Protein chains: 2
Amino acid sequence: MQRYFVKPNQIEGQSIIIRDDDAHHIIRVMRMKEDEQVIVSDNETRTVIAKIVELGSHEVKLEVVEESVKSTEPIWQVSIAQALPKGDKMELIVQKCTEVGAVAFIPFESQRVIVQYDHKKEAKRIERWQKIVKEAAEQSHRNKIATVESTKSFKQLLEGFKLYDLVLFCYEETGKGKEGQALKDVLQTFKQEIEDQSSPVRILVIAGSEGGFTEQEATLAKDAGAKLVGLGKRILRAETAGIVALTCIMYESGEMGGV
Amino acid sequence: MQRYFVKPNQIEGQSIIIRDDDAHHIIRVMRMKEDEQVIVSDNETRTVIAKIVELGSHEVKLEVVEESVKSTEPIWQVSIAQALPKGDKMELIVQKCTEVGAVAFIPFESQRVIVQYDHKKEAKRIERWQKIVKEAAEQSHRNKIATVESTKSFKQLLEGFKLYDLVLFCYEETGKGKEGQALKDVLQTFKQEIEDQSSPVRILVIAGSEGGFTEQEATLAKDAGAKLVGLGKRILRAETAGIVALTCIMYESGEMGGV
């Protein structure tokens, strides 16, 4: 069933109104008719099945037919901090990581970021990434839309570590035998440590841009509490590391069965 | 260190000749000088460190300085069978799965494949995907280039199951509570079963196109010996399922540490 996100004020009791892009999608792309059903989520507490009762030219009215659709949100809440990559690679990262289950994206600047970052375009860029995240959330049947934060400096990123139970710093050099641990070792130990934790488990994954991280950055991250982790012997591109680390975390946390 | 693949006849004793695109890459893109070193692999048994002894205008002569570079090939050999997706998504799939560690790609046709498959362009398409795989193998420091097979029918795909120790059929419906098992359950059981196996472990991952698979195809695959597996509660796009399944297999097999 098709899934749409609306603002809380678009759901009033049993009535829902869908407007703008999503209305266009229902009317023109999906060509739905009255009485057809979709899933609607307010991106907070309420996700319902609703049927179409009126198709306007620019908006669609619906009526709730079933409350409380089963949540598809992951057990562990993983945020992806990504050093700005070249070209449109960030778009691929936010789309794929939304499908796999990330709850937040934090773009940041690091020493080896190659792109000339234009601060004037910040708002536009975030808006574009947020739109891709929303569409990916609808398509992959998420109950919540991941957030895209504004671009941070490396220092600001470090200051945020305290919000997480675990910070994983993906460090290429670890695979080459330098300092750090393999990802699975870190995750298995962590899983035992948080066994009795009642509050939501929060993890931050930090992935580098094309040039990776400097030794200085790795040291700063480690001193601030991050675990330096390697993702195996093969070298992953900037846009691949985050998706791979996130997938492994989802797998270890039991999102794909197992113990 | 930059890595290049050559044909076995381009290495003779201690002398290596690099031609064509790779020579162009060394001379024009990397702008290397004499005495600089690269890794050269013959894609079979030999991977060496070699130094540049002569830069021509279209070819580069090198000399072996160190034999037997450590292998980066994965322990389990995973092939990806991918029902033809739309647009250029297959390019993303072969690139990303090469980085993560796939050894072969098998494009195939299934009932819900949307693209009109032009058989006249078969050779061109395979050549293009093979080129992307080679570049990704060089970039990610693989010792071997994954193979891209010619496009198979669904029947031909089924007939090939006997070549593998495990066949995983990624089936969206499994996530919705229908028949099938979660990926981690299947992999953990399999790992115990093959503990004493001395021959290489061979796994086939089968991923669908945009429309997924029909129930009939799932039944045929199951009857031919495949395990129907789900990749969690969220719905992955056609180009994402293979990468995610492959990553989980690599993780479970110990490529990222752990037991």
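Relevant structure appears above.
What counts, and at which threshold
Residues numbered from 1 in each chain as written. Chains lettered and ligands numbered in written order. Predicted model: local features only at pLDDT ≥ 70, side-chain atom pairs only at ≥ 80, totals over all residues. Heavy atoms only, no water. Helix = DSSP H or I, 4+ residues; strand = E, 2+ residues; numbered from the N terminus. Rg over C-alpha atoms; globule rule 2.2 N^0.38 Å. Buried < 20%, exposed > 50% of the residue type's maximum accessible area, 1.4 Å probe, protein only. Contact = heavy atoms within 4.5 Å. Lys, Arg positive; Asp, Glu negative; His and termini not counted. Charge placed at Lys NZ, Arg CZ, Asp CG, Glu CD. Pairing = 2+ DSSP bridges. Arc of directions from axis to C-beta. Core = buried A, V, L, I, M, F, W, Y, C linked by side-chain atoms within 4.5 Å. Axes fitted to C-alpha atoms, helices over the stretch in contact; angles between N-to-C directions. Least-squares fit on C-alpha atoms with pLDDT ≥ 70 in both.

A look at the overall build of chain A
Tallying secondary structure elements over chain A gives eight helices and 13 strands in all. The C-alpha radius of gyration of chain A comes to 20 Å, within 12% of the 18 Å expected for a compact globule of 259 residues. Principal-axis analysis of the C-alpha atoms places the extent of chain A at approximately 60 × 45 × 30 Å. Within the span of chain A, comprising 259 residues, buried residues form 52% of the whole. Sequence-distant contacts in chain A: of pairs separated by 6 or more residues, those separated by 24 or more amount to 74%. Positive and negative side-chain charges of chain A, numbering 36 and 41 respectively, have mean locations separated by a distance of 4 Å.

A word on the pairing of strand β4 (residues 37–41) of chain A
Residue and element names in this part refer to chain A. Burial within β4 is extensive, with four of its five residues counted as buried. Relative to β4, strand β1 (residues 3–5) runs parallel, the two being bridged by three bridges. By the bridge assignment, Tyr4 is partnered in β4 with Val40. Where β4 folds back onto strand β5 (residues 47–55) in an antiparallel hairpin, the turn is made up of five residues, including Asn43, whose phi is positive at roughly 65°.

Notes on helix α1 (residues 20–29) of chain A
Residues and elements named next belong to chain A. Those residues of α1 that fall on the buried side of the exposure criterion are Asp22, Ala23, Ile26 and Ile27. Angular distribution of buried residues about the axis of α1 spans 125°; they occupy a single face of the element. Exposed residues on α1 whose side chains face more than 90 degrees from its buried face are Asp20 and Asp21. Buried residues in α1 make contact with β1, β3 (15–18), β5, β6 (60–66) and α3 (122–139).

Focus on the nonpolar core
Leu168, Phe169 and Ile206 of chain A together with Leu168, Phe169 and Ile206 of chain B are the most contacted members of the largest nonpolar core, which has 132 residues in total. In this structure Ile206 of chain A touches Ala81, Phe108, Leu157, Phe161, Val167, Leu168, Phe169, Cys170 and Phe213 of chain A, once residues within four positions along its chain are discounted.

So, the sheet that holds strand β2 (residues 11–12) of chain A
Residue and element names in this part refer to chain A. Pairing is mixed across the open sheet formed by six strands, whose spatial order is β1-β4-β5-β6-β3-β2. A single partner strand is all that each edge strand has here, and the edge strands are β1 and β2. The strands that α1 touches are β1, β3, β5 and β6; relative to β1, the one it contacts most, it runs at about 160°.

Considerations on unusual backbone geometry
Comment: phi is negative for the bulk of residues other than glycine, and the bulk of peptide bonds are trans. Although it is not a glycine, Asp35 of chain A sits at a positive phi angle of roughly 80°. Inspection of the secondary structure assignment puts Asp35 of chain A in the loop between α1 and β4. Positive phi outside glycine occurs at Asp20 of chain B, with the angle close to 55°. Mapped onto the elements, Asp20 of chain B comes out in helix α1 (residues 20–29).

Digging into the environment of Glu109 of chain A
All names here are of chain A. By secondary structure assignment, the location of Glu109 is in the loop between β8 (104–108) and α3. On the basis of relative accessible area, Glu109 is assigned to the partly exposed category, the value being 28%. In sequence terms Glu109 and Lys155 are 46 residues apart; their C-alpha atoms lie 9.4 Å from each other. Setting aside residues up to four positions removed in sequence, Glu109 forms contacts with Leu84, Tyr117, His119, Thr151, Lys152, Ser153 and Phe154.

Here we look at the relation of the copies chain A and chain B
Between chain A and chain B, which share one sequence, the superposing operator has a rotation angle of 180° and an axial displacement of 0.0 Å; the RMSD is 0.0 Å. When the rotation and shift are considered jointly, the pair of chain copies conforms to a two-fold rotation axis. In terms of C-alpha distance to the rotation axis, chain A has Cys248 of chain A as its closest residue, with the C-alpha 3.1 Å off the axis. Taken as a fraction of all interface residues of chain A, those also at the interface in chain B reach 100%, which identifies the copy contact as same-surface.

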